[in-house]
Structures are given as C-alpha cells and as structure tokens.
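# A structural walkthrough
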Amino acid sequence: MATDQDFIDYVAEQAGLGERLTRRKMFGEYAFYVDGKVVAFACDNSLFVKPSSAAKKLAPDLPQRPPYPGAKDYPVADELLDDADALRRLLLETAALMPEPRPKKPRKPRRTQA
C-alpha cells in the first residue's frame, strides 16, 4: 500500500521545519530530507526515522520494524506525530548526525543522432 499524500502533508506540518524539510517520492513511498540529508521515510502511512544515536537518546521506546521487505529495522515515529516539538527535535538531531550529501555530477549532454 502506498503512502497517502495527506499523511506526507501532515508529517511536514507537524515537523514545522518549513522549507528545511523536503520530500521526494520514491517507488510509491517517500523520503524526508532536512537540509538535503535523508532523515526519514514514509512507508505504508508510517514514519520511519533513520536509525541513529539521536533516536536512541530522544525516543528509545519507539517500536522498530523494517519499512519494506528486506530492510533492516527502523524506529517507527508514528507516536511522535502528535508531539510536534519531539518530532522536530528528533528530525533535526538525526540530520545533524547524517553525512553531507554528495555533490551531484553534472549531466552529460545527450548525443543527437543525425
């Protein structure tokens, strides 16, 4: 089951990070980015935060399960969706621990066939 756009909008609203929080659709699900760093995934209308010391410290009791078959377990932050401050702090601290995104390589011009 794909994640609903309403769920994505709700997560973004609750996080309250404005333009710092972006999202990209991937294979029917979504990835959330803070300042260009992947911090969470939305799969089957649940919010999976990247495993990190921030999640262990700020929300150690979150349930864990894989976001999709074959994936490792991720903390499921659904219970934080009603606590905007806790959600925002978890996303920001997770982003602080993630590596900087790699610079994108420039696209090669397409060859035209004559």
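Everything below is about the structure printed above this text.
Reading guide: rules and limits
- Residues numbered from 1 in each chain as written.
- Predicted model: local features only at pLDDT ≥ 70, side-chain atom pairs only at ≥ 80, totals over all residues.
- Heavy atoms only, no water.
- Pairing = 2+ DSSP bridges.
- Helix = DSSP H or I, 4+ residues; strand = E, 2+ residues; numbered from the N terminus.
- Axes fitted to C-alpha atoms, helices over the stretch in contact; angles between N-to-C directions.
- Expected span 1.5 Å × (residues − 1).
- Buried < 20%, exposed > 50% of the residue type's maximum accessible area, 1.4 Å probe, protein only.
- Arc of directions from axis to C-beta.

Another aspect to go through is the sheet that holds strand 4 (residues 46–49). Here we have four strands laid out as an open sheet, ordered 1-2-3-4, and antiparallel in their pairing. Two strands bound the open sheet, and with one partner strand each, they are strand 1 (21–26) and strand 4. If you compare each strand with its neighbour and ignore which way they point, the axes differ by 30° on average. Pairing geometry for strand 3 (residues 37–43) and strand 4, over four bridges, is antiparallel.

For helix 3 (residues 84–97), which comprises 14 residues, the first-to-last C-alpha distance of 20 Å matches the rise-based estimate of 20 Å (1.5 Å per residue) to within 8%. The set of residues buried in helix 3 consists of Leu87, Leu90, Leu91, Thr94 and Ala95. Along helix 3, the residues classed as buried sweep out an arc of 130° about the axis, all on the same side. Those residues of helix 3 that are exposed and angled more than 90 degrees off the buried face are Asp85 and Ala96.

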